[in-house]
Amino acid sequence: MLTKFETKSNRVKGLSFHSKRPWILASLHSGVIQLWDYRMGTLIDRFDEHDGPVRGVHFHKTQPLFVSGGDDYKIKVWNYKLHRCLFTLLGHLDYIRTVQFHQEYPWIVSASDDQTIRIWNWQSRTCISVLTGHNHYVMCASFHPKEDLVVSASLDQTVRVWDIGSLRKKTVSPADDILRLSQMNSDFFGGVDAVVKYVLEGHDRGVNWASFHPTLPLIVSGADDRQVKIWRMNDTKAWEVDTLRGHMNNVSCVLFHARQDIIVSNSEDKSIRVWDATKRTGLQTFRREHDRFWILSAHPEMNLLAAGHDSGMIVFKLERERPAFSVSGDSVFYVKDRFLRSFEYSSQKDTQLIPIRRPGSNSLNQGPRTLSYSPTENAVLVCSDVDGGSYELYVVPKDSSGRGDTGQEAKRGVGGSAVFVARNRFAVLEKTSNQVLVKNLKNEIVKKSVLPIATDAIFYAGTGNLLCRAEDRVVIFDLQQRNVLGDLQTPFVRYVVWSPDMDAVALLSKHSIVIADKKLGHRCTLHETIRVKSGAWDDNGVFIYTTLTHIKYCLPNGDSGIIKTLDVPVYITKIYGNTIFCLDREGKNRPIIIDSTEYVFKLSLLGKRYDQVMSMIKKSELCGQAMIAYLQQKGFPQVALYFVKDERTRFNLALESGNIEKALESAKKIDEKDHWYRLGVEALRQGNAGIVEYAYQKTKNFGRLSFHYLITGNLEKLSKMMRIAEVKNDVMGQFHDALYLGDVQERVKILENAGHLPLAYATAKVHGLNDIAERIAEELGENIPSLLGKKADLLIPPSPVLCAGDWPLLMVNKGIFEGGLDDTIRDGHEDYEEAADADWGESLDIGEVDNMQNGDINALLEDEDDQEENEEGGWGLEDLDLPPDADTPRTAPHARSSVFVAPTPGMPVSQIWAQRSSLAAEHAAAGDFDTAMRLLSRQLGIKNFSPLKSLFIDIHMGSHTYLRAFSSAPVLAVAVERGWNESASPNVRSPPALVFNFSQLDEKLKAGYKSTTAGKFSEALRLFQSILHTIPLIVVETRREVDEVKELIIIVKEYVLGLKMELHRRELKDNPVRQQELAAYFTHCNLQLPHTRLALMNAMTVCYKAQNLSTAANFANRLLETNPSNENQARTARQVLQAAGRNMKDATQLNYDFRNPFVLCGATYVPIYRGQRDITCPYCSTHFVPSQEGQLCTVCDLSVVGSDASGLRCSPTQR
């Protein structure tokens, strides 16, 4: 059995595969229906409207529907796209066992404990037929895949076949009134639209399941008599063919395999059995330890099965479908239908060569697994799992390429793997002795070599070399020199693909691909959520691979992408240009044409072949959001500009790349306030004063515009802004402008007109405008404000550093792509020169206001009132103030074409740290806390990060230092690197310096020992827990130090567990039995010898006082065996032994057996004796009773008990 997907849930009673999508429905005994994606391993949706168990569920073949039936007597039809139940069919009077859609008609068949079978029309939502005849619960009912038949099984010990041909005719054929009347009468008096065709009797107990063969006139049934029976039928009768015996309990479900001549059954005996339908013998049995099986389901189109059991379900295949093949030059050799065949790529000629021996055993998965070919000798090695692993050596005759039907006796042998390593030598893996046997073509042993690691498979790695696979690593072994050439830690490798020049290798695992060089130097690792199936190298050095659903590529730097979507899985054999040759699961060679433009473009960008990049851009062969995002991610937003037609995206990219000209072009076309604002912000950052001014004008942001004129020293325009504010009756704007200008008289005038006479008086008086102050004082009368004792300061606007024009811009060279890619470059230069002659200062020239007399302002305001109806939120003089867009320049007048953009900031050191490392401590130092937490969760199962929060902050702060440049600039953060020195290259970045190191933990450990000896248990516990919390954020350099860190975890864990038990014991005042037990358990913690003696002394004392003399004597013996240096301890132990010798009995029974080895549960503090089931914490490895699974570990207070984790990573040497 090849398990593809497994779930854990309540008991699964119903299953159904989707015909097209990788989905499966599981109906549970709890009443929930789950929709799973078995390829991705994710729960898509859940439906829980049923009240009680749901025993039957089925997908419609073409519509987005499924049907369910449950113990609430209801049949529900659901639309999974709408995520809801469409309607409910009522009519059954008891539990509904199964439901099924018809392949063609709008029918549903349902079986129920009310002893009936009902057929429903789900379009009209009515019951169209009731099939009665069973006299006990009907356990299942299903339509025949092609004929008008229904088969049902019942606890009345019969299987019935029903003919529903009349029902089809009545439903499908139009009937006249007379026929319709006769049908109504027949329906009223007992319909004849469904009649029993056969009653199959033969089972001795109730029948649980019956199903049709997909093509042959056969039925298979399973019953409570533990038998599986096969029945044959013809037009007139049906009879029992054979009985399959082997199940040890009730047979729950049984069905024919759609693609193979086998029967699959499952049972309450916790097994799935596979039977040969022709020979009627058992082929294989798959067992579960604790779970009874209830349901089986077969995929309608693929070679997949699913089985539901007490604690979930499994999706599985019975046999591998990957054909064994080997590529050599222009040909691929492969096995199909027990023949060795060759396919020539250039001529696409397929040739049958020689027959391959049929496997002798009856079990599954005995076909060829791998194939190795020697081109010079024309010899083929075929490996299979027969006899636990064996090989067959065939020499293909030179003249056999025509008929391929001449048999020959193969040379056979036993071995886990066999592969050619030279022209006439092949290596065979002997797993029992962990050595490789080198043999010649006569199958004689030439040499034996012991392998350097425990190897379970070998692969070709060049002439005379082998790639040896262990569970978590691979090595390249030189058979001649007998030494290791390369070593790499990887996930479990399934396939190995070498590049044509043997310079690179791809190691394919279930969900990952590792690319390495010929010495196994790691280049990149790629992770996939869907299973990786095959791969090959193309001429450009790009690795092309397939998953179950896609053809994808992997660049040398680890970037990947999708080339093509697949309908069915294929296995790549060779790549020629844009043609991929592959084998499908039927063993057919298929050429697939692909578009390689995307990955060739990325490869050119990666290799800095910019001429090729420019050529591809000009041809416009690429587009799409994915490519734009890739270019942005890789730091080429200016290149992405040339792929984009959408102006909003172009605007964003132009801002990101600092191309203010392109941003201005796009902003004009978009002409939205938000985009003008963002353009102004970027132009201000670059110091392009002209565009800042223009952007503020477009957004009519007069406050910012006034301040802009102030800081650029353009007082002339600032005074115009004040007059505009006056015309617009914007009092605050007018006052601000007067304040910026330092115009005191204008400020007094504004305050006086606004009615703020006290403020106007104070302003005039303070600034020495006595005439105006006296005039205002007369108006105020007695309300004159007192200004005595106030010291006045004249407000004068500061002098700008630079008056008008742009700020100094950094002169940088244009990028490699600029100019060569700009399709409007010539026109652009003309516009640029024309714009350079324009006077940005005139854009707010309000000549009409200049020429007005004082009395004419009212006329202007009247004109403004007339235009208010047509205004779009602007102000009345807009058309007079702003020039047409066509005259708007792109840069300031004195700018030159060489002034472009500020250089793109380099990658922060912290980002480099995060990209290069898989160590949580270095991610935390970089400030990437989220990734650090994900790493710790994946590596150690940590879910509680509260104790680590302060450590994260300390690490991050400690790996940076902070500098002040000058008062108006922000503080600069500078990364502190580990092992930095002055001679180091500035372009090479070292890992971060960390505030925590192993020596600090050593000091804490000694302090913890000291506190324990002194009896300060709370203080010792705090120190030991602090060590446990710090270890995940420690980085060491060598393998030896890694082992020391792992050893430290075990030491500290024992102390934390022991101290927690002892502190808990001291809290128990009124439970002497439990006190004794905890004291006894404390002695079994692996402590330092002085502490072990103290624990034994403590336990001996507690038990002796409680008159448990036998147990106290045991502790005394153990204490004396340690040869205590303290004479008082030894004397006390001897006295206890002497006293206990007179009465070797225990007053109370303890849950403690020192003769039976045990470990302690970290939560409940009870012993888990050898042989009892337990679970562990993935970090500190503390043991727990099974009921604690999913709870937080009480010892480390970090990890979830029983969770999956890859293990501690604390060194860059742990790849």
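If you check an unreviewed UniProt entry, the chain appears there as Coatomer subunit alpha from Dorcoceras hygrometricum. Here is the UniProt Subunit (unreviewed entry) comment for the chain, exactly as written: "Oligomeric complex that consists of at least the alpha, beta, beta', gamma, delta, epsilon and zeta subunits."

Draft legend 1. Summary view of the overall build of the chain. Counting its secondary structure elements, the chain contains 31 helices and 61 strands. A burial count over the chain gives 50% of its 1215 residues as buried. Summarising the internal contacts of the chain: among those between residues at least 6 apart in sequence, 49% fall at separations of at least 24. Here the chain has roughly 58100 Å² of accessible surface; of this, 48% comes from carbon and sulfur atoms.

Draft legend 2. Main features of the pattern of salt bridges. Using the criterion set out here, one finds 38 salt bridges in the structure. Here Lys317 and Glu321 are joined by a salt bridge, their closest N and O atoms 3.1 Å apart. One exposure class covers both Lys317 and Glu321, and it is buried. Connected through salt bridges with shared partners, the residues Glu6, Arg288 and Asp291 form a single ionic network.

Draft legend 3. A look at the environment of Leu86. By the secondary structure assignment, Leu86 is in strand β9 (residues 84–90). In the structure, Leu86 is positioned 10 residues away from Lys76 in sequence and 7.6 Å away in space, judged by C-alpha atoms. The residues touching Leu86, leaving out its near neighbours within four places in the chain, are Leu65, Val77, Trp78, Asn79 and Arg125.

Draft legend 4. Representation of the environment of Leu93 in the model. Inspection of the secondary structure puts Leu93 in the loop between β9 and β10 (96–101). When the C-alpha positions of Leu93 and Asp113 are compared, they lie 7.8 Å apart, and in sequence the two are 20 residues distant. Not counting residues within four places of it along the chain, the set of residues in contact with Leu93 comprises Tyr73 and Asp114.

Draft legend 5. Highlighting the sheet that holds strand β21 (residues 238–245). On the basis of which strands lie adjacent, the open sheet formed by 4 strands has the order β18-β19-β20-β21 and antiparallel pairing. Edge strands, defined here as strands with exactly one partner in the open sheet, are β18 (207–212) and β21. Neighbour-to-neighbour, the strand axes of the sheet open up by a mean angle of 20 degrees, direction not taken into account.

Draft legend 6. Quick look at the nonpolar core. Formed by 86 residues in total, the largest nonpolar core has its most connected members in Leu936, Phe1024, Ile1031 and Tyr1179. With 10 residues, the top contributor of residues to this core is helix α27 (residues 1039–1067). Residues within four places of Tyr1179 in sequence aside, it is in contact with Leu940, Leu1028, Ile1031, Pro1032, Ile1049, Cys1196, Leu1198 and Ser1199.

Draft legend 7. Just the packing of aromatic side chains, in detail. Counting across every chain of the model gives 33 aromatic pairs. Between Phe333 and Tyr373, the aromatic rings sit 3.9 Å apart at their centres with planes inclined by 25 degrees, giving stacked as the arrangement. Within this pair, whereas Phe333 is found in strand β30 (residues 331–336), its partner Tyr373 is found in strand β33 (residues 368–374), the two being separated by 40 residues in sequence. Relative accessible area serves as the criterion here: at 8%, Phe333 is assigned to the buried category.

Draft legend 8. Geometry of the sheet that holds strand β45 (residues 493–498). Strand order in the open sheet formed by 4 strands is β45-β46-β47-β48, and the pairing between neighbours is antiparallel. On the outer flanks of this sheet lie β45 and β48 (522–527), each paired with one strand and no other. Strand-to-strand, the axes of this sheet are offset by a mean angle of 15 degrees, without reference to chain direction. Where strand β46 (residues 504–509) meets strand β47 (residues 512–517), 5 bridges bridge the pair, whose relative direction is antiparallel.

Draft legend 9. The arrangement of helix α8 (residues 660–670) in detail. Within the sequence span of α8, burial applies to Ile660, Lys662, Ala663, Leu664, Ser666, Ala667 and Ile670. Asp671 sits one or two positions beyond α8 and adopts a positive phi of about 50 degrees.

Draft legend 10. Geometry of the packing of helix α25 (residues 998–1013) against helix α26 (residues 1017–1030). Running from amino to carboxyl end, α25 crosses α26 at an angle of 160 degrees, the nearest separation of the two axes being 8 Å. Classified by the angle their axes make, α25 and α26 are roughly antiparallel. Judged by the sense of rotation from one axis to the other, the crossing of α25 with α26 is left-handed. Residues Leu1001, Lys1004, Leu1005, Ala1007, Gly1008, Tyr1009, Ser1011 and Thr1012 of α25 pack against Phe1017, Glu1019, Ala1020, Leu1023, Phe1024, Ser1026, Ile1027 and Thr1030 of α26. Considering only residue class, the contact of α25 with α26 consists of 9 nonpolar, 5 polar and 2 charged.

Draft legend 11. Expanded view of unusual backbone geometry. In this structure, Asn729 is a non-glycine residue whose phi angle is positive, near 60 degrees. Tracing the backbone through its elements, the reader meets Asn729 in the loop between α12 (715–727) and α13 (731–741). Residue Tyr1165 is not a glycine yet carries a positive backbone phi of 55 degrees. Looking at the secondary structure, you find Tyr1165 in the loop between β58 (1158–1160) and β59 (1167–1169). The class for Tyr1165 is buried, based on a relative accessible area of 11%.

Draft legend 12. Here's a closer look at the state of the cysteines. For the structure shown, the criterion picks out 0 disulfides. The cysteine Cys1180 is free of any disulfide, with Cys1177 supplying the nearest cysteine sulfur at 3.6 Å. On the basis of relative accessibility, which here comes to 0%, the residue Cys1180 falls in the buried class.

Draft legend 13. Fine view of the confidence of the model for the chain. Predicted confidence across the chain gives a mean pLDDT of 82, with 84% of residues reaching 70 or more. Across residues 175–182, where pLDDT falls below 50, the model places 1 contact with residues more than four positions away in sequence or in other chains. Considering only residues more than four positions removed or in separate chains, one finds that residues 823–899, a stretch of pLDDT under 50, has 102 contacts.

Draft legend 14. Layout of the packing of helix α15 (residues 757–766) against helix α16 (residues 770–780). Here α15 crosses α16 at 155 degrees, and the two axes come no closer than 8 Å. Classified by the interaxial angle, the pair formed by α15 and α16 is roughly antiparallel. At the point where α15 passes α16, the crossing takes the left-handed sense. Seen from α15, the contacting residues are Leu757, Pro758, Ala760, Tyr761, Ala764 and Lys765; seen from α16, they are Asn770, Ile772, Ala773, Ile776, Ala777, Glu779 and Leu780.

Parameters and conventions
- Residues numbered from 1 in each chain as written.
- Predicted model: local features only at pLDDT ≥ 70, side-chain atom pairs only at ≥ 80, totals over all residues.
- Heavy atoms only, no water.
- UniProt positions renumbered as here; feature names shortened; annotations may be inferred.
- Helix = DSSP H or I, 4+ residues; strand = E, 2+ residues; numbered from the N terminus.
- Buried < 20%, exposed > 50% of the residue type's maximum accessible area, 1.4 Å probe, protein only.
- Contact = heavy atoms within 4.5 Å.
- Areas by Shrake-Rupley, 256 points an atom, 1.4 Å probe, with all protein chains shown as cover.
- Salt bridge = Lys/Arg side-chain N within 4 Å of Asp/Glu carboxyl O.
- Pairing = 2+ DSSP bridges.
- Axes fitted to C-alpha atoms, helices over the stretch in contact; angles between N-to-C directions.
- Core = buried A, V, L, I, M, F, W, Y, C linked by side-chain atoms within 4.5 Å.
- Phe/Tyr/Trp six-rings, centres within 6.5 Å; stacked < 30°, edge-to-face > 60°.
- Parallel < 35°, antiparallel > 145°, perpendicular 65-115°, else oblique.
- Left-handed = near helix turned anticlockwise from the far one by under 90°.
- Nonpolar A, V, L, I, M, F, W, Y, C, P; charged D, E, K, R; others polar.
- Disulfide = S-S within 2.5 Å.
- pLDDT = per-residue confidence, 0-100.

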